[in-house]
Every structure is written in C-alpha cells, then in structure tokens.
Amino acid sequence: MMDNLRTAANSIVLKIIFGVIIVSFILTGVSSYLIGGNNNYAAKVNDQEIGRAQFENAVASERNRMQQQLGDQFSELAANENYIKSMRQQVLNRLIDEALLDQYAHNLHLGISDEQVKKAIFSTQAFQTNGKFDNDRFNGIVNQMGMSADQYAQALRNQLTSQQLINAVAGTDFMLKGETDELAALVSQQRVVRQALIDVNALAAKQSVSDQEIAGFYEQNKTRFVSPEQFRVSYIKLDAANMQQNVSDADIQSYYDQHMDQFTQPQRNRYSVIQTKTEDDAKAVLDALSKGADFAALAKEKSTDIISARNGGDMGWLEPATTPDELKNSGLKDKGQLSGVIKSSVGFLVVRLDDIQPAKAKPLSEVHDEIAAKVKQDKALDAWYALQQKVSEAASNDNESLAGAEQVAGTKAVETGWFSRDSLPQELNFKPVANAIFDGGLVGVNGAPGSNSDIITVDGDRAFVLRVSEHKAEAIKPLEEVKAQVSDIVKHNKAEQQAKLDADKLIAELKAGKGDDALKAAGLSFGAAKTLTRTGQDPISQAAFSLPLPEKDKPGYGVANDAQGNVAILALDEVKAGTMPDDQKKAMVQGITQNNAQIAFEALMTNLRKEAKIKLGAIMEQQE
C-alpha cells in the first residue's frame, strides 16, 4: 500500500509517453506549482501569481478542447481576433476563480488526504482498461500532459478540494416537506376546460376591403413585401476524386523504398525496475539480486513506485520514443542483464532488461494495396493541382466568360437557376464559395455579369471557378405584384378584430346567464370538456392556466387564440389538485435545490471577487 503519496507518485513509470487523449478536467485544474513565479504574470490574486506560462498552457488546452468539439468550425472562429481575445479572457477568469476557491478552501481548513487522491487516481476511468487500472495508460496520460507525478497529484488535490467546497455550498439548500407538497400540487394541477371556436378564416372570407385600405396597409408595411437579392451563377467544378491515375509496380516499389520507416516496427525492449529512496537502499537491492533473490518479489516488497511494484517491477514493452532516458542510458544490451545503481530524478533505480523484440519491416506484399491507394491519391492530387493552375490562368486571361476555362478543364460550365442568400444551391453550399458569391466582388454593374472568380478550394479535394451571370438587387415589390396578398392580410386582420369583439360580447352574455341563446344566435357551441395540464405547450393550455379560479358551480371565462389563429372562448369548469409520483417529485426538488445552490455559489464567487485584490499582468493589459 502507499504510505506517502509523494513517494509513490514520484515514479520512473510516470515518464513514459503514450499517444492518448488528455482528460480536460485535469488540465483546467493545474495551478501555480506548474510554473515558477516571474515578473511577467497574467494576474495576481491576493498576491498569488497566475504565471504567464500557466495561463498560456490553459489557453492552449482550451483551444485543443474547442478544436476537438467544433472541428473545422473552430478554425473560422480562431481567425477572429475578438473571439480569441474573449476566449483568453474567459480562461483567465476561470484561473482567477480557481485561485479564489483554493484560497477560500484553505481559510476554511478544507483538505484532501493522500488516500483520497490515491483512490481518485485508481478510480479514474481514463486510466482504466476493461474496468481495471491500467499502468501503461496512466503513464501515457500523465506524460502527455507534460506533468510530473507530483504536479499531477497536486492538480488533482486542488481539483478535489475545490469540489469539496462547491459540494458544501450546494448541499446547504433544501426544501421542507410541506413546501415540496404544495409546489408539487401546484405544478401537477389540472384544469377542466370547454371551448367554443370562432373560425377566423371563415370570417375573413366574408370581409370586404377597399383599394384605399389595401394601399394604406401596403405603405405602412412595405418591408414585409421585399424581394430578396438574387443571383444566377455559372461554375466549373474540379474534383480530385474524378482524376484517377494509373499506378505501376515501379511506383509502388519506389514509394515503399522511400518510406521504409513507415512500414517498420522499431526495436522494443521490456524492462523491470525497482525504485528506492536512497542509494544505500538500491545497493542493498542489487546485493540481494546478486545472491539469487527473485526480482519480482523484491520489487513488490522494496520498490517505492507502487504502480510498477504491483506488477513485480514490469514496465511493459517500450519503443525508443517512449523509453525514459535513465533506461536508454543504462547500458543494458542483453536479455536478463541487470544494471548497476542508477541515479534519477525520482530516486535510485535498479533495472533489468527482460526481453528484446528486434525491429521488423512489413514485406511489400503486405502493404502493397495500401501503398497503391496512397500513390494513386497523390497522383490524382498532383494532376488536380496542375489542372487548377491551368484553369485559373484561363479564367484570368478571359475574364468576360468561362469559355477559356471550359476548354482547359474539358467540361462545360453549369448554370444555376435564380437563388437568394438563404437558398444557395446544394452543389455550391460551401462557405468559401458562398463568400465569393455574396461579398459583392463578382457582381457587375446594374445586374450585368461580373468577372470570373479565382480558384476556390473546398474540403481539400474540390475546387470551383465561377462567375455571377445575373444579379438582382434587393427591392420592394410593387403594389400591383402583391395586391392580392395584401388584400388577404387586411381581410384576416379585420376578421380577427371582429372575432375578438364577438368573443368579448359573448363572454359578457355568458356571465350574465344569457350565454346559451347568445351562442346559438352566433352559431357556436362549447365542445366536450378537456382536462389540461400545466405542462401543455399549446396556446389553449397556457391560456387556461392564466384564468382566475372559477366560483362554486359557476364557470370562469376567458378568450385565447388557438394554434391555428382562431379565437377561442374558454369556459373553466373545474380545477383539480394533481398528484405527482415520488420519483418525479424528487427530481423536481433536486432541480430547484440545484438551481438555488448555483445562485448561492455565484453569490459566493461575486463576494470573493469583490473582496479580493486582483491585478492583471502586463500581458493582459497589452491584449486590451
């Protein structure tokens, strides 16, 4: 077992680098121990420095996270200087908040034990394979983060301490049973409603409208009748996938010979190691081995590196790129050979070379098809780039049409129909192409054809050259063109106003006890009663829960528009107390308490910031 976290974590094993994904939450938790203080700090928080290197590392981690999350879209965002400034500021704010939380937790004497840190390491899924702690995987992650074991353990300790503080704040909010029951009853309440619909479209068909009314509405609402800017485009598309090239056996052999390193597995060595605190301890281990002691048993008993000790000192197969310098320089050449005492940055080592796998090249027959596909792709791209250059020159030399470019490309240009900015044809739906069409540079004067574009490359294997063949500027449609549309709108507006007036009159009659005759005269009647819930998203449900509670044996009334735009007269007959399942009630309480806890935590952070002395460093002042 590990008696001291520093001794155990400060391990030669943690120097091995494997290509694995870095866990983002660890990166964000790295604090000032990573970088020594210097005058060029990012910020000071109550005299605690956030170093420039620490800040830049955090920014790089955030960029990597955003790149993985957004892909190519992040490249576009990263080109925006203001976006990068905003991202850097957000990262600094986060580091300042972490420093404030660390300081506050320290003042409260909160702490995380070595045993808790160890447990967190062994239970982290990123360090596991098939549900079990994986020594090699752990080594790879820690090293790829560029951290020592001490730094990783301290980062994790800070993370857990801050989480302990957050949990303490979050755990202070609660709801009494009476409050919970009352809220559950209110949320699950049901309302029994009948409705009588006034068909607005039917009323609109009966409306009359004058030319003066049409003209007046048109003049006041011209912006509703705008014809969007429109384009017609001619384009030539060059696709590398269509430029298949022949590949000979000589081509394949040549590529294989020139890239032999890609098809060769380098020599791999397998080592076992015993790590000790002192040189005398290492000498004692070496003496015991020379007398026939079992290496694995001795490693489990004596090694201060708990991770490799669990495996009898075995460090697994290592390639040159993943072998620590101490092992590379140990002078071990033969299987079973034992080193002397090796001094290292983590203590003293005794190392044994257990096995050797010589470098091995894959035969050409095994990688033939793979190379053929690669050479074919490379040749296609070369031909594609060459054709791009020729088409670009032809389009530039004959800027009045695409005829020259067509001849060089060996294909006819495609002509699109009319389209707007919101309806770009699918075959042209690439951001660089859209930018070229819509930025105005290719549009001629008064709708006339403009000039040819430069070559526009998209997705790395397709390219376009195009010209705007026709263009129509945005314009308000003349009244003659939209008169019928305006007439329909005016009629519908008048019908809706009439329907609301009729509804108000009918409600007055209903409240006065004369509703049956009034509804009959209007050709209306209430439909069957429906039980509505507060969670309903339709307009009728939302309107029903805004009505006042009905009096005893007397409905309440109101007016609403349904989803189709009809006017509905509502009769609220009954309000029922609903019931809520225990699991749903529990989830409701959890959501409310979490929200309240979030508010409390934000208030805490606001207070800490208000009382803290925060000074930005020179690099942040220059950014502003």
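For the structure itself, consult the block above.
In every chain, residue numbers begin from 1 and rise along the written sequence. Only residues with pLDDT of at least 70 get local features here, since the model is predicted, and only at 80 or more are side-chain atom pairs given and counted; chain-wide, interface and lining totals rely on the full set of residues. Processing note: side-chain calculations cover all non-hydrogen atoms of the structure and skip hydrogens and water entirely.

A. Quick peek at the packing of helix H11 (residues 211-220) against helix H20 (residues 479-511). Note on geometry: axes are C-alpha line fits, over the in-contact stretch for helices, and angles between N-to-C directions span 0 to 180 degrees. Helix and strand definitions follow DSSP, with helices as H or I runs of at least four residues and strands as E runs of at least two, each counted in order from the N terminus. Here H11 crosses H20 at 100°, and the two axes come no closer than 9 Å. Judged on the interaxial angle alone, H20 and H11 are roughly perpendicular. Along its contact with H11, which presents Asp211, Glu213, Ile214, Ala215, Phe217 and Tyr218, the element H20 presents Leu479, Val482, Lys483, Val486, Ser487, Ile489, Val490, Asn493 and Lys494. Side-chain classes follow a simple rule in which Ala, Val, Leu, Ile, Met, Phe, Trp, Tyr, Cys and Pro form the nonpolar group, Asp, Glu, Lys and Arg form the charged group, and the remainder, Gly included, forms the polar group. Across the contact of H11 with H20, the residue classes tally to 9 nonpolar, 2 polar and 4 charged. For this classification, under 35 degrees means roughly parallel, over 145 means roughly antiparallel, 65 to 115 means roughly perpendicular, and everything else is oblique. By definition in these notes, contact holds between two residues if any of their heavy atoms fall within 4.5 Å.

B. How the structure looks around the nonpolar core. Throughout this description, the term nonpolar core refers to a set of buried Ala, Val, Leu, Ile, Met, Phe, Trp, Tyr and Cys residues connected via side-chain atoms within 4.5 Å. Relative accessibility decides the category of a residue: with a 1.4 Å probe and only protein chains considered, values under 20% of the type maximum give buried, values over 50% give exposed, and everything between is partly exposed. In terms of nonpolar packing, the biggest core is built from 23 residues, with Ile50, Phe55, Ile96 and Leu100 touching the most fellow members. Where this core is concerned, the elements lending two or more residues are strand E1 (41-45), helix H3 (52-70), helix H5 (81-107) and helix H23 (582-611). Tallying contributions element by element places H5 first for this core, with 10 residues. Among residues more than four places away in sequence, those in contact with Ile96 are Ala43, Val45, Ile50, Arg609 and Ile614. If you look at the next biggest cluster of nonpolar residues, it comprises 19 residues, including Ile198, Leu203, Ala503 and Leu519.

C. H23, seen in detail. Residue count minus one, scaled by 1.5 Å, sets the expected span of a helix. In this model, H23 (30 residues) spans 43 Å end to end at C-alpha, consistent with the 44 Å of a helix rising 1.5 Å per residue. Listed in full, the buried residues belonging to H23 are Lys585, Met588, Val589, Thr593, Ala597, Phe601, Leu604, Met605 and Leu608.

D. Local environment of the pairing of strand E2 (residues 48-51). Pairing between two strands requires that DSSP report at least two bridges joining them. In the sheet, E1 pairs with E2 via 4 bridges, with the strands oriented antiparallel. By the bridge assignment, Ala43 is partnered in E2 with Ile50.

E. Structural view of the sheet that holds strand E5 (residues 190-198). Pairing within the open sheet is antiparallel, and its 4 strands lie in the order E18-E5-E20-E19. At either margin of the open sheet sits one strand with a lone partner, and together these are strand E18 (530-533) and strand E19 (556-561). Ignoring strand direction, the axes of neighbouring strands in this sheet form an average angle of 40°. Here E19 runs beside strand E20 (residues 567-576); their pairing, made up of 6 bridges, is antiparallel. Bridge assignment links Ala560 to a residue of E20, and that residue is Ala568. Against the sheet, H20 engages E5, E19 and E20, with an angle of about 170° to E19.

F. Just helix H19 (residues 431-438), in detail. Buried within H19 are the following residues: Val433, Ala434, Ala436, Ile437 and Phe438. Backbone geometry just after H19 places Gly440 at a positive phi near 95°.

G. Seen up close, the sheet that holds strand E14 (residues 414-415). A sheet is described by the order of its strands in space; here 4 strands give the open sequence E14-E7-E16-E15, paired in antiparallel fashion. Both edges of this open sheet fall to E14 and strand E15 (456-458), since each of them pairs with a single strand only. Where strand E7 (residues 230-239) meets E14, 2 bridges bridge the pair, whose relative direction is antiparallel. Looking across to E14, one finds that Tyr235 is bridged to Val414. Packed on one face of the sheet, H19 meets E7, E15 and strand E16 (462-472) and runs near 150° to E15.

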